[in-house]
Amino acid sequence: MIRYQNIYHMLAYAFQVLNEQGYRDVALEEDFENTAELLAAILCRGVAVQIKRGLMREYIVTEEALSSPRGKIEVSDSIKSMAVRKKQLICSYDDFSTNAYNNRIIKTTFDILLRAKISKERKKEIKKLLIYFDGVELLDVHSINWNQRYDRNNQSYRMLVSLCYMVIKGLLQTTTDGSTKLMDFLDEQRMCRLYEKFILEYYRRHYPQIKTSAAQIPWILGEDCSSAMLPIMQSDITLSCGNKVLIIDAKYYSHTTQVQFDKHTLHSNNLYQVFTYVKNKDAQFGDEPHEVSGMLLYAQTDEAVQPNNTYWMSGNKITVRTLNLDCDFKEIAGRLNEIADEFLK
């Protein structure tokens, strides 16, 4: 399990804007019953701020029958539609409208949240905000284009759209009868991405003396060997301090171990992956003094058996640990601090 307030803290590291005044009290004042309530609270706060700044507008091509011509007259369409008989012409023109795609994503998400298991007070708050989205059209949730471009004019929408993505992709579930409902928790895939991002940003913020990145690790191959068709080795978190390196693979699973014939073992693919990362990074240093370690850091589950092991593999330290997310956030921070101090001092 994970406390809803801790999901907020994880989001606050993933989206720095949540540390600004106006957002911080969300986790402190609210007692959330589910993740939908939490995301709705943050989204309402963010949209309210955006409304004060001004909702995004963009030029949208509009085509309609008009008695007074405007823009470009579509002659062939006017004839085909018989609009001329009504003394009208089909015209196309650019309308500077709030019916921008990002606003449509937000309104679609609000529409879903209104049918979710959230408090009446939150739904009232959403309805008040929706007044400002009059004229903004809804989208089909199954065909939303999430690859939006951001610049200095719409940068403030990045976090809002990301929250909408988490609601629609992480909580919305289609039932057997074809209807949809919101789950209480984000699905495993979305939580895994948030978990990775949280740990990465935690070390970036609190350990500026350590180089923190989601670095790609090159394959160390022979001189005449081609790297064609080899997969990219993309680490979740790489911490570097001098010639000391810790590669962390963050994992968020419903089961931290695999079980066969009542025997618990580590997920083999996870272990092979981090070992490969470590050995190639190790080889990158050559004869230079160095220390490269690897860690599988699982989000702790309610299972009785939790991995807590250290292995020396071909000269490198590979550790498997769990991080308890169902506790006060100070304890989570303390555990992450211990990891940095243990491996990089």
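Our structure's up above, just so we're on the same page.
Residues numbered from 1 in each chain as written. Predicted model: local features only at pLDDT ≥ 70, side-chain atom pairs only at ≥ 80, totals over all residues. Heavy atoms only, no water.

**Q** How should the overall build of the protein be read in this particular structure?
**A** Helix and strand content of the protein: 10 helices and 15 strands. When its C-alpha atoms are laid out on the principal axes, the protein stretches across 85 × 55 × 45 Å. Taking all 345 residues of the protein together, 46% fall into the buried category. Look at the contacts in the protein between residues 6 or more apart in sequence, and 67% of them connect residues 24 or more apart. Charge centroids of the protein, computed over 43 positive and 44 negative side chains, lie 6 Å from each other. (Helix = DSSP H or I, 4+ residues; strand = E, 2+ residues; numbered from the N terminus. Buried < 20%, exposed > 50% of the residue type's maximum accessible area, 1.4 Å probe, protein only. Contact = heavy atoms within 4.5 Å. Lys, Arg positive; Asp, Glu negative; His and termini not counted. Charge placed at Lys NZ, Arg CZ, Asp CG, Glu CD.)

**Q** What is the right way to look at the environment of leucine 38 in this model?
**A** Assignment of secondary structure puts leucine 38 in helix 3 (residues 35–53). In this structure leucine 38 comes out as buried when scored by relative accessible area, which is 0%. Residues leucine 38 and alanine 48, 10 residues apart in the sequence, show an inter-C-alpha distance of 16 Å.

**Q** Just checking my understanding: could you explain the pairing of strand 3 (residues 89–97) for this structure?
**A** Sheet faces and side chains relate simply in a regular strand, where the side chains alternate between the two faces. Bridge count between strand 1 (residues 58–66) and strand 3: nine bridges; the pairing is antiparallel. Bridging across to strand 3, glutamate 63 finds its partner in serine 92. Where strand 2 (residues 72–73) and strand 3 come together, two bridges link them in antiparallel fashion. For lysine 72, the partnering residue across the bridge sits in strand 3 and is serine 92. (Pairing = 2+ DSSP bridges.)

**Q** Explain helix 9 (residues 268–284) to me, please; I cannot follow it from the model alone.
**A** Helix length check: helix 9 (17 residues) gives 25 Å between terminal C-alpha atoms against 24 Å at 1.5 Å per residue, within 8%. Buried within helix 9 we find Asn270, Leu271, Val274, Tyr277, Val278, Asn280, Lys281 and Asp282. Of the surrounding secondary structure, the elements contacted by the buried residues of helix 9 are strand 7 (216–217), strand 8 (233–234), strand 10 (244–251), strand 13 (291–299), strand 14 (309–313) and strand 15 (316–323). Downstream of helix 9 by a residue or two, glycine 286 has a phi angle that is positive, lying close to 65°. (Expected span 1.5 Å × (residues − 1).)

**Q** Can you help me understand the sheet that holds strand 3 in this one?
**A** On the basis of which strands lie adjacent, the open sheet formed by three strands has the order 1-3-2 and antiparallel pairing. Taken across any chain shown, the strands that pair with only one partner, and hence form the sheet edges, are strand 1 and strand 2.

**Q** Would you mind going over the packing of helix 1 (residues 4–14) against helix 3 with me for this structure?
**A** The description of two packed helices rests on the angle between their axes and on the distance between the axes. Contact pair helix 1 / helix 3: the axes reach a minimum separation of 10 Å and the direction vectors enclose 40°. Put simply, helix 1 runs oblique to helix 3. Crossing hand, helix 1 versus helix 3: right-handed. The residues of helix 3 that touch helix 1, namely those facing Tyr4, Ile7, Tyr8 and Leu11, are Thr35, Leu38, Leu39 and Ile42. Counted by class, the contact of helix 1 with helix 3 contains seven nonpolar, one polar and no charged residues. (Axes fitted to C-alpha atoms, helices over the stretch in contact; angles between N-to-C directions. Parallel < 35°, antiparallel > 145°, perpendicular 65-115°, else oblique. Left-handed = near helix turned anticlockwise from the far one by under 90°. Nonpolar A, V, L, I, M, F, W, Y, C, P; charged D, E, K, R; others polar.)

**Q** What's the story with the layout of surface pockets in this structure? I'm lost.
**A** In this approach the atoms are scanned with a rolling probe the size of a water molecule, which exposes any empty space left behind. Its volume calculated, the largest pocket comes out at about 640 Å³. In terms of lining residues, the largest pocket is bounded by 21 residues, among which Phe15, Ser162, Tyr165, Arg193 and Lys197 are the most central. Those elements that place two or more of their residues in the lining of the largest pocket are helix 1, helix 7 (157–171) and helix 8 (188–206). For the lining of the largest pocket, the leading source of residues is helix 8, giving seven residues. Partitioning the lining of the largest pocket into residue classes produces 11 nonpolar, four polar and six charged. (1 Å grid on protein atoms, 1.4 Å probe; cavity = no way out; pocket = protein on both sides within 12 Å on 5 of 7 lines; lining within 4 Å. Points joined across faces, edges and corners; volume = space filled by probe spheres on them.)

**Q** Help me understand unusual backbone geometry in this model?
**A** Peptide bonds are, in most cases, trans, and in most cases residues other than glycine have a negative phi. The backbone phi angle of lysine 87 is positive, close to 60°, even though this residue is not glycine. A positive phi angle, near 75°, is found at methionine 229, a position not held by glycine. Look at methionine 229 and you get exposed, because its relative accessible area is 86%.

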